[in-house]
Amino acid sequence: MRVFVAGATGAVGNLLVPMLLAAGHEVTGTSRSLAGIERIRSFGATGVLADALHAEKLRHVICAAAPEAVIHQLTDLSGADGAANGRVRREGTRNLVDAAKAAGVDRIVVQSISWAYAPGEGPAEETVPLDSTAAQPRAATVDAVRALEETAAEVETAVVLRYGLLYGPGTWYAPDGAFAAALAGDRTARFLGSTVANDAVSSFVHVADAAGAALAALDWPGGPVNIVDDEPAPAREWLPELAKALGVPAPGPVPGRQEWERGASHTLALSRGWQPEWPTWRTGFAAQRDIP
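The following refers to the structure shown. What you see is a predicted model, and the numbers here were worked out from it, not measured in a lab. (Residues numbered from 1 in each chain as written. Predicted model: local features only at pLDDT ≥ 70, side-chain atom pairs only at ≥ 80, totals over all residues. Heavy atoms only, no water.)

## Examining the side chain of Asp131
- Of note, Asp131 is situated in the loop between strand S5 (107-113) and helix H5 (138-152).
- By relative accessible area, which is 3% here, Asp131 ends up buried.
- Looking at Asp131, its side chain comes within polar contact range of the side chain of Arg138, at 3.1 Å.
- In this view, Asp131 contacts Ala116, Tyr117, Ala118, Pro119, Arg138, Val142, Arg146 and Trp260; residues no more than four positions away in its chain are not counted. (Helix = DSSP H or I, 4+ residues; strand = E, 2+ residues; numbered from the N terminus. Buried < 20%, exposed > 50% of the residue type's maximum accessible area, 1.4 Å probe, protein only. Polar contact = N/O pair within 3.5 Å; in protein donor to acceptor, adjacent residues only side chain to side chain. Contact = heavy atoms within 4.5 Å.)

Following this line, the structure appears as structure tokens:
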């Protein structure tokens, strides 16, 4: 299959492109930098320079690639700027979908998140609506996610991967990431997560398992699918374990959570044959301990 990967040098894309090639797909990937293009080419894929916010350029490169499927792994998280990332979700997705439709593409796989669900008890399944009651700044995130998913749904078959918190190489939760720096007391560390060891429940997924799900989703029916590991857990449990793995001090536990901080269920993904290599953050975090 000819596959176009938008965001091919991000944390997920960097692992996904080699997986796609190993599976026999012909891959074209985008980057906003020449260094990124060289990395894509080093994998054996075709690299093209493109910015999702530049609609005409994006349309040109997608039509030239003539893909049978598009995979959307676009984010703007390097500066921990929620507004910038929201713009990519809204405008970048709009431009990507318009370009895909112009190229005759009828299948798209998009990166979404699993913590935009409405408040409730227990891990959320895909039938739970997105949170329409959120206050700012959460409301801005949920609204951008809703725009992303609704825009993607304009393509005939749109698989929406609602990832858990990504950890592993290239993420904020890697040994060299912003989370470790923040816990170590670096006030310049910037990320959009929390360092509070409270009762807020999160679902994680290793970045390699997220990439594997994007590969598998090329054969899935459309609709949202939670891509998370087996063990949603409160921060008072996972945060000390991650801090230990990263070699930084952990704050003490405190009570409290928001009702939307509930984690997510991966029953649907498992029913489609997806199995995470890292079924729990416990082993996944520990495996990062000796990674420089």
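That was the structure; now back to the text.
## Section: the pairing of strand S3 (residues 46-49)
- The pairing of strand S2 (residues 26-31) with S3 spans four bridges and is parallel. Residue Thr28 lies in a different strand from S3, and its bridge partner there is Thr46.
- Regarding topology, helix H2 (residues 34-43) serves as the crossover connection from S2 to the parallel S3, and that connection is right-handed. (Pairing = 2+ DSSP bridges. Right-handed = clockwise from strand over helix to strand, strands pointing away.)

## So, the environment of Leu49
- Within the secondary structure layout, Leu49 lies in strand S3.
- Each C-alpha atom of the pair Leu49 and Val109 lies 20 Å from the other, and the pair is 60 residues apart in sequence.

## Re H2
- Of the residues making up H2, those classed as buried are Gly36, Ile37 and Ile40. Within H2, the buried residues cover an arc of 100 degrees as seen down the axis, which keeps them to one side. With respect to the buried face of H2, the exposed residues turned more than 90 degrees away are Leu34, Ala35 and Ser42.
- Lining the buried residues of H2 we find S2 and S3. (Arc of directions from axis to C-beta.)

## What about the side chain of Asn95?
- Of note, Asn95 is situated in helix H4 (residues 82-102).
- Using a relative accessible area of 14% as the deciding quantity, one classes Asn95 as buried.
- Residues in contact with Asn95, not counting those within four places in the same chain, are Ala52, Leu53, His54, Ala55 and Leu58.

## Some points on the nonpolar core
- In terms of nonpolar packing, the biggest core is built from 31 residues, with Val5, Leu20, Ile71, Leu161, Tyr163, Trp220 and Ile227 touching the most fellow members.
- Elements with a contribution of two residues or more to this core: strand S1 (2-6), helix H1 (13-22), H2, strand S4 (69-72), strand S6 (157-163), helix H7 (207-216) and strand S10 (223-227).
- The greatest single-element share of this core, amounting to five residues, is contributed by H7.
- Apart from the residues within four sequence positions on either side, Val5 is in contact with Leu16, Leu20, Val27, Thr28, Gly29, Thr30 and Ile71.
- Counting 24 residues, the second-largest nonpolar core is a separate cluster that includes Ala6, Ala50, Val110 and Leu148. (Core = buried A, V, L, I, M, F, W, Y, C linked by side-chain atoms within 4.5 Å.)

## Points about the sheet that holds S3
- The strand order across the open sheet formed by seven strands is S3-S2-S1-S4-S5-S6-S10, and the pairing between neighbours is parallel. What marks the edges here is a single partner per strand, and that holds for S3 and S10. When strand polarity is set aside, the average angle formed by the axes of neighbouring strands in this sheet is 20 degrees.
- Looking at chain direction, S6 and S10 are connected through five bridges and run parallel. Within S10, the residue paired with Val159 across the bridge is Gly223.
- Along the sheet, H2 contacts S2 and S3; its crossing angle with S3, the most-contacted strand, is approximately 165 degrees.
- H5 contacts S4, S5 and S6 of the sheet and is inclined by roughly 170 degrees relative to S5. (Axes fitted to C-alpha atoms, helices over the stretch in contact; angles between N-to-C directions.)

## Re the pattern of salt bridges
- Under the defined criterion, the tally for this structure stands at 14 salt bridges.
- In this structure, Arg94 engages Glu154 in a salt bridge whose closest nitrogen and oxygen atoms are separated by 2.6 Å. Here Arg94, found in helix H4, pairs with Glu154, found in the loop between H5 and S6; they are 60 residues apart in sequence, far enough to count as distant.
- Here Glu237 and Arg282 are joined by a salt bridge, their closest N and O atoms 3.4 Å apart. One end of the pair, Glu237, is in helix H8 (residues 235-246); the other, Arg282, is in helix H10 (residues 281-287), and 45 residues separate them in sequence.
- Residue Glu237 is classed as partly exposed on the basis of its relative accessible area, which comes to 32%.
- Through salt bridges with shared partners, a single ionic network connects Asp199, Glu231, Arg236, Glu237 and Arg282. (Salt bridge = Lys/Arg side-chain N within 4 Å of Asp/Glu carboxyl O.)

## Focus: the environment of Glu126
- Structurally, the position occupied by Glu126 is in the loop between S5 and H5.
- Separated by 138 residues in the primary sequence, Glu126 and Ala264 place their C-alpha atoms 8.4 Å from one another.
- If near-sequence neighbours (up to four positions away) are discounted, Glu126 is found in contact with Tyr117, Arg162, Pro224, Val225, Asn226, Ser265 and Leu268.

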